[in-house]
Each structure stands twice: as structure tokens, then as C-alpha cells.
Amino acid sequence: MATYTTEIASDKLISDNPIHQRLLKAYIAAQPWISGSLLEIGCGEGRGVETLLPLADSYLGIDKIGEVIQDLRRKYPAVEFKQAVIPPFEGIVDQSFDTIVSFQVIEHIEDDRLFLQEIYRMLKPGGKAIISTPNNTHTLSRNPWHVREYLPQELIDLSASIFDRVEAKGIGGNEKVWAYHEANRQSVQKIMRFDILDLQHKLPAWILRMPYEILNRFNRNKLHKQQGDSVTGISHEDYPLVDKPTSGLDLFYILWRK
């Protein structure tokens, strides 16, 4: 039986639905830019295979978790998957892909500049990469699974120093989504009021991961119990793609190579 952390939101857990739909929206929003040979970095449980493969000529999915890759190979025997800890991307030659997608990954990468440089290296001329990551403006607490989170301009500046063109957008939310986010914010604040020493920002990440998991799961279940339909009724359509990244819950950037 699979065990789902709060960092890997699942469509199998009702309380995860708002996060699952938010993550799914990145794939749906990316569809107009998908073409040719496609690489997905951080393919997870296979959202990209289901939503993006039909639009591509070929697909390679990379993930660091071996068990995930094994499951995907069984589920999609005709599709190519690779287990790897990145960056760098060993064994992938320069200018291999027309499109690269990587959603909710860069915040986990220690050397984010090398990560983006490697993506640029692997893109064919005229190719594009689509990435998403949390907008730190709207983060409710420290996530100990993340190396860092970005303000919109921080990621624009980093990306523009490597890529030839950056289109900065965001994954926003309608009134239903922002009402859930506000209820979540208030609930998190009630929990964090006990952190009078601000340990969430002082302790090493590895120490915080277990209490973060317990409290985050408790909070999601509590919101599901309190909010009911406002949790289960959210769909990816409630997360519009917006032109201003500052108004997005997630940053959604299209990075071009000439």
C-alpha cells in the first residue's frame, strides 16, 4: 500500500484535492507549448504521461525515486523512464529535446543555476522549457522539503541570465481557491503560534520534516472536515493561468532557447 507524504499530493486522498488540482493545472496549462521530443524532469506518478504524451512525438520521464520509476514502467510499458538524481543529467547529449517540463522541482535542487543550465544545454535551438514552483509570496510556513522558494523577480533574474527569453506567468486561483487558501492560512497560523522561538527557520530541515508531515496532514484533514465541498469541489479549472506571476500561487515560466 502506497504512503503519500504531503509533499507528494495524491488524487487518491480527498484532503489533498486542492493541492492535486493545483499541480495538475500546470500540466494542462503547458499543453499549448508541447511539441516534438519531450523530457519531463520529476515525472512523479505520471501526470505528464497522461496529459502531455499525446501532444509529443516522444517522451522521457526522469525521477529520483526508483520505486516510482518501476511503477511507471509497469503502467506504461511503451514509454521511456529513467531513475536519476540530477543535476547534472548524465548520458543526455546536447540539444536532445524540443520541449522540457519540470513542475515543482527546482525548489528541491541545491544547485539551481546548474539545473537551469543543464536544461538549456539539452534543449534544441528554438526549444522551450516550462517550469513551475511555489510563489514564496504566498507560502504559509517553511517547507523543510524545499531548499529554497522564489519571489517572482528572483526566478526571472536567474532564468534570464541563462535563457534567451523568459515568459513569466503564474498559476492563480478564483474566489473558491483563495477562500481555501485563506482558511488554510488561518489554520496554519493557529499551529505556528506555538513556535514562539521561530524554530521553523532555525532548525535544520531534516529535523523539521517529520513534525511538518504530521502537522500538515492533520491540517489538511481538518480543513477537509471543516470546509467539506470547498475542498472536494475544487478542480483544475479553478486555477487560471495568469499573466502576472505576482498574483500566482505558483510561478509558471516558459524559458526559450534561440
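Up top is the structure.
Computed from a prediction, not measured in an experiment: that's the story for all the values here. (Residues numbered from 1 in each chain as written. Predicted model: local features only at pLDDT ≥ 70, side-chain atom pairs only at ≥ 80, totals over all residues. Heavy atoms only, no water.)

*Asks:* Which residues make up the side chain of Gln21, and what values go with them?
*Replies:* With respect to the secondary-structure elements, Gln21 resides in helix α1 (residues 17-30). A polar side-chain atom of Gln21 sits 3.0 Å from the main-chain amide nitrogen of His236. Sequence-distant contacts of Gln21, that is, excluding residues within four places in its chain, are made with Ile234, Ser235, His236 and Tyr239. (Helix = DSSP H or I, 4+ residues; strand = E, 2+ residues; numbered from the N terminus. Polar contact = N/O pair within 3.5 Å; in protein donor to acceptor, adjacent residues only side chain to side chain. Contact = heavy atoms within 4.5 Å.)

*Asks:* Tell me what's going on with the pattern of salt bridges, and back it up with residues and numbers.
*Replies:* For the structure on display, the rule yields 10 salt bridges. When the shortest N-O distance is used, the salt bridge between Asp250 and Arg22 registers 2.8 Å. Placement of the pair is Asp250 in strand β8 (residues 250-256) and Arg22 in helix α1, with a sequence separation of 228 residues. The two residues Asp250 and Arg22 agree in class, both being buried. Residue Asp94 pairs with Arg121 through a salt bridge whose shortest N-O separation is 2.8 Å. Placement of the pair is Asp94 in the loop between β3 (80-83) and β4 (97-103) and Arg121 in helix α4 (residues 112-122), with a sequence separation of 27 residues. Residue classification places Asp94 among the partly exposed positions, given a relative accessible area of 47%. (Salt bridge = Lys/Arg side-chain N within 4 Å of Asp/Glu carboxyl O. Buried < 20%, exposed > 50% of the residue type's maximum accessible area, 1.4 Å probe, protein only.)

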